[in-house]
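# Structural features, examined
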Amino acid sequence: ICHFRLDFPSIERRYQIRFNDYFSEELNALTAMAHDGLIDLQESEIKVRPPGRLLVRNICAVFDCYFDWGDKTVRFSKAI
């Protein structure tokens, strides 16, 4: 979050996964944010663009396995 960047190869080395395969659903969910100009979604990294910095928590929430996007019950602090 602090560096506004996620490097796929470093995650792949640490956890012995193929990032694009393991997180394919999450990457698909991020395409709308990329289309809106909030992030640069590249082959080996995600960079948060200046307009997305205020929404970085929302961007990261895509990877939160405890967050149920279909559940309307609020159990966490809101970004906005």
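Everything discussed here concerns the structure shown above.
Structural notes, computed from the coordinates. Every value quoted in this text rests on a predicted model; they were computed, and no experiment measured them.

Here we come to the environment of I46. Summarising the element assignment, I46 is placed in strand β3 (residues 45-48). For the pair I46 and L27, spaced 19 residues apart in sequence, the C-alpha separation works out to 9.5 Å. Once you skip the residues sitting within four places of it in the chain, I46 turns out to touch F4, R5, L6, F8, L27, L30, I39, D40, L41 and F63.

Further remarks concern the nonpolar core. Core analysis: the largest hydrophobic core is formed by 14 residues, its most contacted members being L27, L30, M33, I39, I46 and I59. Residue assignment for this core shows that the elements contributing at least two residues are α3 (24-35), β3 and α4 (56-61).

We now examine the packing of aromatic side chains. Tallied over the entire structure, the rule returns five aromatic pairs. The interplanar angle of 15° and the centroid separation of 3.9 Å between the aromatic rings of F8 and F19 together place this pair among those described as stacked. Of this pair, F8 sits in helix α1 (residues 8-15) while F19 sits in helix α2 (residues 19-22), and the two are 11 residues apart along the sequence. With respect to burial, F8 and F19 carry one shared label: buried. Ring geometry for F23 against F63: centres 5.3 Å apart, planes inclined by 80°, an arrangement best described as edge-to-face. With a gap of 40 residues between them, F23 in the loop between α2 and α3 and F63 in the segment after α4 connect regions that are remote in the sequence. Among the residues examined, F23 registers a relative accessible area of 16% and is labelled buried.

Once that is clear, we can look at the layout of surface pockets. Each pocket or cavity is described by its volume, and for the second largest pocket that value is around 270 Å³. Forming the walls of the second largest pocket are 14 residues, and the residues nearest its centre are R5, L6, I46, C60 and F63. By residue number, the principal contributor to the lining of the second largest pocket is α4, which donates three residues. Here the residues of the lining of the second largest pocket sort into 13 nonpolar, no polar and one charged.

As a further point, take the pattern of salt bridges. A complete count under the given rule lists five salt bridges for this structure. With a closest N to O distance of 3.4 Å, D21 and R18 form a salt bridge. Among the residues examined, D21 registers a relative accessible area of 47% and is labelled partly exposed. Judged by relative accessible area, R18 falls into the exposed class, the value being 60%.

Quick notes on the rules
- Residues numbered from 1 in each chain as written.
- Predicted model: local features only at pLDDT ≥ 70, side-chain atom pairs only at ≥ 80, totals over all residues.
- Heavy atoms only, no water.
- Helix = DSSP H or I, 4+ residues; strand = E, 2+ residues; numbered from the N terminus.
- Contact = heavy atoms within 4.5 Å.
- Core = buried A, V, L, I, M, F, W, Y, C linked by side-chain atoms within 4.5 Å.
- Buried < 20%, exposed > 50% of the residue type's maximum accessible area, 1.4 Å probe, protein only.
- Phe/Tyr/Trp six-rings, centres within 6.5 Å; stacked < 30°, edge-to-face > 60°.
- 1 Å grid on protein atoms, 1.4 Å probe; cavity = no way out; pocket = protein on both sides within 12 Å on 5 of 7 lines; lining within 4 Å.
- Points joined across faces, edges and corners; volume = space filled by probe spheres on them.
- Nonpolar A, V, L, I, M, F, W, Y, C, P; charged D, E, K, R; others polar.
- Salt bridge = Lys/Arg side-chain N within 4 Å of Asp/Glu carboxyl O.

Function cannot be inferred from these measures alone, as they are strictly geometric.
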